[in-house]
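Descriptive structure summary
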Amino acid sequence: MKLDLCIIKPIIERALLEDIGTGDLTTNLMDLKDEISEVKIVVNDEGIIAGLEVAELVFKTVDPQIGFTKKVSDGESVSSSEIVAFITGKVGSVLSSERVALNFLSRLSGIATKTRKFVEKVKPFPVKIVDTRKTTPGLRILERYAVAVGGGYNHRFGLYDGILIKDNHIRIVGGVAEAVKLVKRKATHTLKIEIEVENLEQVKEAVDSGVDIIMLDNMDFPTLNEAVRFIKGNSKAIIEVSGGVSLSNVTQIAETGVDLISIGELTHSAPIVDYSLEII
């Protein structure tokens, strides 16, 4: 997944406005803004780096004359005390950009690192680790980029680009078959239909309804194994698992033969990777 800088530029501008506001009081009062400095960004943890391009854009949005030299690339493993970038420019611009740039870098690297841990756990199996819509409001495009950097895959971006019949849809209309029928009545032939099911009765209804993707939600392992066997024996539907997935059980889930494992934790609970900016 490649970042579209035209899309992320407004995200960066909003973050800078939030932090700098009408100006960096401390730096301006010390009359430091025009001095030229050279600094380095240093990582303080081990992890997978993601967001260097975003960090660079933060600095250059504040001051286009800033020089930014990357020493590593997104997706690479980094170790504590490693230098990941050098920056040259007016010290006022650098200091005013610092926190926003490092916040993006820390957050995205944390997501990439968490994703890579899950990906490594299922490496022997033909299954994809997939993200969800459980993202920070306004930052979904960046957080999903970080998932891809970590080796994961992206689910539908929003409500507008994929059909996913959820539990509340099913409850409102009275059942799996009715929900699928209502969607098929108006959906175009180019759209795949996915449905979330919670028990074996719903699994059988989903198979009978001819959906393209069946999401098995929060099932215990005996139920999950039986559901997978039934779907594979009676349908060509893609099988997705969601709910209750952790690093301790993701390998066992992959062993059942499912195609996708979607994990909200990738984006909603990933610890950051810490970075510092140091004057040389």
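Scroll up to find the structure.
This text gives an overview of the structure that appears in the document. Note that the coordinates shown come from a computational prediction; the quantities given were computed from them, not determined experimentally.

Glancing now at the overall build of the protein. When helices and strands are counted, the protein shows eleven helices and twelve strands. When its C-alpha atoms are laid out on the principal axes, the protein stretches across 70 × 40 × 25 Å. Summed over its atoms, the accessible surface of the protein is roughly 14000 Å², and 51% of this surface lies on carbon and sulfur atoms. Averaging the coordinates of the 33 positive side-chain charges in the protein and doing the same for the 40 negative ones gives two points 6 Å apart.

Before going further, it helps to spend a moment on the pattern of salt bridges. According to the stated counting rule, one finds twelve salt bridges in the structure shown. Two residues, Asp-131 and Arg-144, come together in a salt bridge whose shortest N-O distance is 3.3 Å. Placement of the pair is Asp-131 in the loop between β6 (128-130) and α5 (140-149) and Arg-144 in helix α5, with a sequence separation of 13 residues. A residue is classified by how much of its surface remains accessible, and Asp-131, at 0% relative accessible area, is buried. A residue is classified by how much of its surface remains accessible, and Arg-144, at 3% relative accessible area, is buried. Arg-171 is the partner of Glu-198 in a salt bridge, and the nearest nitrogen-oxygen pair spans 3.9 Å. Taken as a pair, Glu-198 in the loop between β8 (193-197) and α8 (200-209) and Arg-171 in helix α6 (residues 167-173) lie far apart in primary sequence, 27 residues in all. The class of Glu-198 is partly exposed, set by a relative accessible area of 33%. Where salt bridges share partners, they join Glu-56, Lys-60 and Lys-70 into one cluster.

What follows covers the nonpolar core. Counting residues in hydrophobic clusters, the biggest one holds 80 residues, and the most contacted among them are Ile-41, Val-84, Leu-216, Ile-261 and Tyr-275. Apart from the residues lying within four places of it in its own chain, the contact partners of Leu-216 are Val-197, Val-203, Leu-224, Ala-227, Val-228, Ile-231, Ile-239, Glu-240, Val-241 and Ser-242.

Right, let's talk about the packing of helix α4 (residues 91-121) against α5 for a bit. At their nearest, the axes of α4 and α5 sit 7 Å apart, and the two run at 45° to each other. Viewed along their axes, α4 and α5 adopt a mutual orientation that is oblique. Crossing geometry of α4 relative to α5 is assigned as right-handed. Along its contact with α4, which presents Phe-104, Arg-107, Leu-108, Ile-111, Ala-112, Thr-115 and Arg-116, the element α5 presents Leu-142, Glu-143, Ala-146, Val-147 and Val-149. Split by residue class, the contact of α4 with α5 holds eight nonpolar, one polar and three charged.

To continue, consider the environment of Val-203. Within the secondary structure, Val-203 is located in helix α8. Those residues in contact with Val-203 that lie beyond four places of it in its chain are Val-197, Leu-216, Met-219, Ala-227, Phe-230 and Ile-231.

Before going further, it helps to examine the packing of aromatic side chains. Tallying each qualifying case throughout the model produces two aromatic pairs. An angle of 40° between the planes, with centres 6.0 Å apart, marks the rings of Phe-59 and Phe-68 as tilted. Here Phe-59 falls in the buried class, since its relative accessible area comes to 0%. Of the residues examined, Phe-68 reaches a relative accessible area of 9% and is grouped as buried. Look at Phe-157 and Tyr-160: their rings are 6.4 Å apart centre to centre, the planes differ by 55°, and that puts the pair in the tilted class. Here the guanidinium or amino end of Arg-140 rests over the ring plane of Phe-157, the centre of that ring lying 5.9 Å away.

Ordered by their spatial adjacency, four strands build an open sheet running β3-β5-β1-β12, and the pairing between neighbours is antiparallel. The outermost strands of the open sheet, each flanked by one partner alone, are β3 (67-70) and β12 (275-279). Strand-to-strand twist across the sheet, computed as the mean angle between neighbouring axes with direction ignored, equals 20°. Where helix α3 (residues 52-62) meets the sheet, it contacts β1 (36-43), β3, β5 (83-90) and β12, and its direction lies at approximately 170° from that of β3. Contacts from α4 reach β1, β5 and β12, with the element oriented near 160° to β12.

On to the sheet that holds β6. On the basis of which strands lie adjacent, the open sheet formed by six strands has the order β6-β11-β10-β9-β8-β7 and parallel pairing. With one partner strand each, in any of the chains shown, β6 and β7 (163-165) form the two edges of the open sheet. On average, each strand axis in the sheet is inclined to that of its neighbour by 25°, with strand direction left out of account. When β7 meets β8, the two strands line up parallel, connected through three bridges. Within the sheet, the bridge partner assigned to Ile-165 lies in β8 and is Ile-195.

Looking now at helix α1 (residues 5-20). For α1, which comprises 16 residues, the first-to-last C-alpha distance of 21 Å matches the rise-based estimate of 22 Å (1.5 Å per residue) to within 8%. Where α1 is concerned, the buried positions are Ile-8, Ile-11, Ile-12, Ala-15 and Leu-16. Seen end-on, α1 carries its buried residues on one side only, within an arc spanning 135°. Opposite its buried face, α1 presents the exposed residues Cys-6, Arg-14 and Leu-17, each directed more than 90 degrees away. Where α1 is buried, its residues meet α3, α4 and α5. Taken from the residues just after α1, Gly-21 is the one with a positive phi, measuring 55°.

About the criteria used
Position labels on residues start from 1 in each chain and follow its written sequence. Local features in a predicted model are, by the rule used here, given only for residues with pLDDT of at least 70; side-chain atom pairs are given and counted only at 80 or more, and totals for whole chains, interfaces and linings are based on all residues. To obtain the side-chain values, all non-hydrogen atoms of the structure were used and water was disregarded. By definition, any uninterrupted DSSP run of H or I lasting at least four residues is a helix, any uninterrupted run of E lasting at least two residues is a strand, and each is numbered from the N terminus. Every accessible area reported is derived by Shrake-Rupley at a probe size of 1.4 Å, with residue values counting cover from the shown protein chains alone. Counted as positive: Lys and Arg. Counted as negative: Asp and Glu, with His and the chain ends omitted from the count. Here the site of a charge means atom NZ of a Lys, CZ of an Arg, CG of an Asp or CD of a Glu. Definition used for salt bridges: Asp or Glu carboxyl oxygen within 4 Å of a side-chain nitrogen of Lys or Arg. In this scheme, a residue with accessible area under 20% of its type's maximum is buried, one over 50% is exposed, and one in between is partly exposed, where area comes from a 1.4 Å probe on protein chains only. Note on terminology: a nonpolar core comprises buried Ala, Val, Leu, Ile, Met, Phe, Trp, Tyr and Cys residues joined through side-chain atoms within 4.5 Å. Should any heavy atoms of two residues lie within 4.5 Å, those residues are considered in contact. Interaxial angles span 0 to 180 degrees and are taken between N-to-C directions of axes, which are lines fitted to C-alpha atoms, for helices over the stretch in contact. We call two directions roughly parallel when the angle between them is under 35 degrees, roughly antiparallel when it is over 145, roughly perpendicular when it lies between 65 and 115, and oblique otherwise. The sense of a crossing depends on the near helix, which, turned anticlockwise from the far helix by less than a right angle, makes the crossing left-handed and, turned clockwise, makes it right-handed. Residues are grouped as follows: Ala, Val, Leu, Ile, Met, Phe, Trp, Tyr, Cys and Pro are nonpolar; Asp, Glu, Lys and Arg are charged; every other residue, Gly included, is polar. Only Phe, Tyr and Trp rings are paired, with Trp represented by its six-membered ring, and only when their centres lie within 6.5 Å; those with planes under 30 degrees apart are stacked, over 60 edge-to-face, the remainder tilted. Two limits define a charge over a ring: the Lys NZ or Arg CZ must be within 6 Å of the ring centre, and within 35 degrees of the ring normal. When DSSP finds at least two bridges between two strands, those strands are taken to pair. A helix is expected to reach a length of 1.5 Å times the quantity of its residues less one. Of all possible arcs, the one meant is that of the directions from the helix axis to the C-beta atoms.

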